[in-house]
Amino acid sequence: MAAKISDIVRSALEKAIQQDGEVRLISKGASAPGIFPTGTSKAKTEAIESCFSFTFLEKIREVEEGKGKSARKSVFVKITPAGIYALFESVPIERRQEI
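Below you will find a few notes about this structure.

Conventions used here
Residues numbered from 1 in each chain as written. Predicted model: local features only at pLDDT ≥ 70, side-chain atom pairs only at ≥ 80, totals over all residues. Heavy atoms only, no water. Helix = DSSP H or I, 4+ residues; strand = E, 2+ residues; numbered from the N terminus. Expected span 1.5 Å × (residues − 1). Buried < 20%, exposed > 50% of the residue type's maximum accessible area, 1.4 Å probe, protein only. Arc of directions from axis to C-beta. Contact = heavy atoms within 4.5 Å. Pairing = 2+ DSSP bridges.

1. With respect to helix α2 (residues 42-53)
- Between its first and last C-alpha atoms α2 spans 16 Å; for 12 residues at 1.5 Å apiece the expected length is 16 Å, and the two agree.
- By the burial criterion, the buried members of α2 are Lys44, Ala47, Ile48, Ser50 and Cys51. Projected onto a plane normal to the axis of α2, the buried residues spread over an arc of 165 degrees and lie on a single side. Residues of α2 that are exposed and point over 90 degrees away from its buried face: Lys42 and Ser53.
- Among the structural elements, α1 (7-17) and β2 (57-65) are those in contact with the buried residues of α2.
- The first or second residue beyond α2 is Thr55, which carries a positive phi of 55 degrees.

This is the structure we're talking about:
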């Protein structure tokens, strides 16, 4: 049986499954969308942690972006079979075909 997932995790997994291959984990403005929004919140942090602890997402690569003090690492991920299973178990049958 799949773990019960939060709405934040479900939304992120839906975005990840719609991508062909890797996707940015956290958005970096409108020009670089990710599966999680920018900003900091306890709920988002917990959602990201659960995605990795339940292996719903796999880290593909990290990229250093920017220079100097504004340099940040961007993480790119892909959905795993466990993530696909958890997503499909968490949505009603009628919605599965949409995803």
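2. Quick look at the pairing of β2
- In terms of strand pairing, β2 meets strand β3 (residues 72-79) through eight bridges, oriented antiparallel. Across the sheet, Val63 pairs through a bridge with Ser74, a residue of β3.
- Connecting β2 to the next strand, β3, in antiparallel fashion are six residues, including Gly66 with a positive phi near 90 degrees.

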